[in-house]
Amino acid sequence: MKDVSFGSYFPADSFVHKMDARAKILIAIAYMVAVFLVSAFHFLGFAACLSFVILTTAVSRVPFFRVLKSVRTIIFFVVFSAILQLFFNSKGTVVFWVITDVGLLNAAFIIARIMLIVLGASLLTLTTSPVELADGIEGLLYPLKWIKFPVHEFALIMSIALRFIPTLIDETDRIIKAQKARGADFESGNIFKRAKALIPVLIPLLISSFRRADELADAMDSRCYAGSKNRTKYKKMRLSFRDLMGVLAVAGLIVGIVFLNKFYAINTLAQIAGAL
Amino acid sequence: MPVLEVKNLSFSYGKSQKAVKNVSFAVEKGEFVAIIGHNGSGKSTLAKLLNGLLKPTSGEVVVDGFSSNDAGAVFEIRKRVGMVFQNPDNQLIASIVEDDIAFGPENLGVPREEIGRRIDDALKAVGMKEFRKATPERLSGGQKQRIAIAGVLALKPQVLVLDESTAMLDPQGRKEIAAVVENLLKSGVSVIAITHYMDEAVKADKVLVLDRGVVALSGTPKEVFANKAALDALGLEQPLAGIIADGLRERGVNIPENIITEEELLGALWK
Amino acid sequence: MEIVAENLTFTYSPKTKGLSFRALNGVNLTVKSGEIFGIIGKTGSGKSTFVQHINGLIKVQKDSGALKVGEYDLTDKKCDYKSLRAKVGMMFQYPEHQLFAETVAEDVAFALKNFNKDLSAEELAGRVRQAVEIVGLDYNEIKDKSPFDLSGGQKRRVAIAGVIVAKPEILVLDEPAAGLDPKGKREFLELLLKLHKDFVKTIIIVSHDMNLVAEYCARAAVFAGGKIIATGTPKEIFSDGKVLAESGLDLPLTASLTEKLKSKGVDIDSDLTVKDFTEKLIYALKNGGRQDERRFFRQLFPRRLFRA
């Protein structure tokens, strides 16, 4: 259990891995905006987004199949959305049975949009460790200090949560085993029975979490913790040339898509055929 | 002048019976003091009083001139009296070793470059320099506990309190901590170790035995562990070498009374 | 119930490259019914993985050797793990951390209710009372208390009552004395001896406390790198320097003394318990060892060591 890596982080020493987490988060957001900007049916726009993903993946040294794997978890959602579009769209001309050309295009459009967004998001988590992500979010939230948002406390909570997730997974595993050894059965029975069977796991877990919290608080106090006042920060994030490159690339993507939308508007199957 | 002085210290949780009663002792620079006692004897309460995690009901702890009764001095005391607890998992706050060690100095507002140097020094002191960027999750219990010690050393304490810090470790981990303690003592840091392991207490300069909040016995390890009757009454045991020596003496073998280590036992047989 | 492992192998995350880790690598071991058996080895030597196989908490992987516990064949897909677990009780480190019920009686009854669904309320209460009393607690006084209000030593006793209440034939204990003070430790180990005499046939102790193993276990197996590198009585194991070097374990004090005396030419042939060691040492002091050694002994242990 201990050795299962948490999250989907894929450690490597690449251009993308070395980028500043703040820049990566912003770029990921900008990329998602770009995906949403692609106007209806504009498959060239999607092609541009896809190339962006493929290029980033190549530079990041994350194997392509690892990136594609992330799509697997949402495949049901994608298929469901596509089916809705296929069967419940009355616009356009009927191509086959109740399926119209607009329905077909909408379904393809939805699939492309969801997949591209998931691919982008997973690239972010594959190339950025949870710790870096938390630091990045903290860095981006920093300006909120001016409206009295407790950025430091928020960041500390994130960091401690990340730190304790593996510990609690281990602990849960241990308690489950101990109760199984006493004949507890977590696998059979209906949903209510199973939920009830979890009580002997949840209560010890809760109690131990309180104990851990108490001890952690003592340890933090012992190390002179007194909130964010007069605190310095050891870790310093620096924007570099790499981050600038990333920002330029995503800016280029957005400009390209806006340009395509404006000058190469494509709205029907016939037009797509023409464009190809 | 002692680095840390405990004067007539008492403490009770709420209105219940006193957990620590009228305890006094002093710790010199570079001195190694062991505190033993059965579970519930008040050892951990005493530990928490030493760095201001608890406020004494009466009496005081004086560290380097700062009194525990001076509310403004609590951070001065905590800076000087570092504390390492039992469960290494519950005292590391960051997912990367250097970030965790930085936590203390960051709290004190130490400038960034200086924090970097302190991380270096602290990791060197616990022999884990190459683990600076490591994730604590992947380390052994002994290594985690050494990181916890490093996190405290980064505050540059004069006294290190180990509150049963070896209780959850395997023999390998305990050896690692013993080696770190030895180094710290050499560099002039005083160590107060609360422990159930008599073979750890044997190495101390001074042993205090706590019972129901009172110092029931104190002295050098030899003095304390030779007193079998008193130890029995307090629910404690002699070190194993002492038990064997006693067994021999009971059967008429004429060997000295204050044997507590293997070497001493062998030495006595060979005189 | 006898435990027989043949060429048992186990790999964590076998499919994930980089994370995959072989914890057991061809373990052969027989633990006979009725023993107090020690399982020793450093952290990560595979000893925990092995014992968790015994009651099926970790299932035997495909083509990874054989494991039989009594009549249960754990390589069989249809193995009835639940009834196996009723017969193989297992107590993990810090067992008091698994207490959960509102009262001691309920917590102790948990395993019994799981294993014997058709027990009457009376029988249930009787069995719980028996388990609570055998671990040395006063049933009437403690049964309605919350387990969380007890002292550390009491909690551990309740936890062990919660395991033995099912009357297992084999009891596996992982580091049973961890975190107890010396007196608590001694009392707890005495309780184990009592259980072994009256209640549980086989006790398996997983520990890295070599003094404990030398004192309490009749036989032991030494794990290192996922294999068993030695099996035998503590005396056999701890007199083999090669085994100890390979396992990275320390010697129990009695074995260490024996070794050092041996290097001076004195053979003390004890079973490594403190009592027997002391006996044999006294014998050697008084009589010398073999005839030809006697003169040598006189030199080593001058008369003034003896009062008489």
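The text that follows walks through the structure, step by step, so that each part is easy to find. (Residues numbered from 1 in each chain as written. Chains lettered and ligands numbered in written order. Predicted model: local features only at pLDDT ≥ 70, side-chain atom pairs only at ≥ 80, totals over all residues. Heavy atoms only, no water.)

1. Let's talk about the interface of chain B and chain A
- At the interface, 43 residues of chain B touch 31 residues of chain A.
- Between chain B and chain A the total buried area reaches about 3200 Å² when both faces are included, carbon and sulfur atoms providing 50% of it.
- Of all residues in chain B, the largest losses of buried area upon contact with chain A belong to Asn90, Arg112 and Glu137 of chain B, amounting jointly to 22% of the total for that side.
- Linking chain B to chain A there are six salt bridges.
- The salt bridge partner of Arg223 of chain A is Asp100 of chain B, with a shortest N-O separation of 3.2 Å.
- At the junction of chain B with chain A, the criterion picks out 22 residue pairs in polar contact (both at pLDDT 80 or more).
- At 11 residues, helix H3 (residues 97–108) of chain B tops the list of elements feeding residues into the side of chain B that touches chain A.
- Its residues assigned to classes, the side of chain B that touches chain A shows 20 nonpolar, 10 polar and 13 charged. (Contact = heavy atoms within 4.5 Å. Buried area = accessible area lost by both parts, 1.4 Å probe. Salt bridge = Lys/Arg side-chain N within 4 Å of Asp/Glu carboxyl O. Polar contact = N/O pair within 3.5 Å; in protein donor to acceptor, adjacent residues only side chain to side chain. Helix = DSSP H or I, 4+ residues; strand = E, 2+ residues; numbered from the N terminus. Nonpolar A, V, L, I, M, F, W, Y, C, P; charged D, E, K, R; others polar.)

2. Points about the pairing of strand E6 (residues 88–91) of chain C
Residue and element names in this part refer to chain C.
- The alternating pattern of E6 places Val88 and Met90 on one face and Gly89 and Met91 on the opposite face, and all of these are buried.
- Pairing of E6 with strand E7 (residues 170–174) involves four bridges; the strand directions are parallel. Bridging across to E7, Gly89 finds its partner in Leu171. (Buried < 20%, exposed > 50% of the residue type's maximum accessible area, 1.4 Å probe, protein only. Pairing = 2+ DSSP bridges.)

3. Side note on the nonpolar core
- Counting residues in hydrophobic clusters, the biggest one holds 59 residues, and the most contacted among them are Val108, Ile160, Ile164, Leu171, Leu195 and Phe238 of chain C.
- The dominant element in this core, judged by the number of residues it contributes, is helix H3 (residues 104–115) of chain C, at seven residues.
- Those residues in contact with Leu171 of chain C that lie beyond four places of it in its chain are Gly89, Ile160, Val163, Ile164, Leu195, Val200, Thr202, Ile203 and Ile204 of chain C.
- Core analysis: the next-biggest nonpolar cluster, separate from the first, contains 49 residues, Met128, Ile149, Ala150 and Val209 of chain B among them. (Core = buried A, V, L, I, M, F, W, Y, C linked by side-chain atoms within 4.5 Å.)

4. Some thoughts on the sheet that holds strand E10 (residues 227–232) of chain C
Residue and element names in this part refer to chain C.
- Judged by pairing direction, the sheet is mixed, and its six strands sit side by side in the order E6-E7-E8-E3-E9-E10 without closing on themselves. The sheet terminates laterally at E6 and E10, the two strands that pair on one side only. Sheet twist, expressed as the average angle between the axes of neighbouring strands with direction ignored, equals 15°. (Axes fitted to C-alpha atoms, helices over the stretch in contact; angles between N-to-C directions.)

5. Focus: the packing of aromatic side chains
- Within the structure shown, the criterion is met by nine aromatic pairs over all chains.
- A ring pair is formed by Phe11 of chain B and Tyr13 of chain B, whose centres lie 4.9 Å apart and whose planes are at 90°; its orientation type is edge-to-face.
- With relative accessibility at 8%, the residue Phe11 of chain B sits in the buried group.
- Exposure remark for Tyr13 of chain B: the relative accessible area of 42% places this residue in the partly exposed category.
- Positioned above the aromatic ring of Tyr234 of chain A is the side chain of Arg112 of chain B, whose terminal nitrogen or guanidinium carbon lies 5.6 Å from the ring centre.
- The lysine or arginine in question, Arg174 of chain B, covers the ring of Tyr197 of chain B, its NZ or CZ lying 3.5 Å from the ring centre. (Phe/Tyr/Trp six-rings, centres within 6.5 Å; stacked < 30°, edge-to-face > 60°. Lys NZ or Arg CZ within 6 Å of the ring centre and 35° of its normal.)

Any functional reading would require information beyond the geometric quantities listed.
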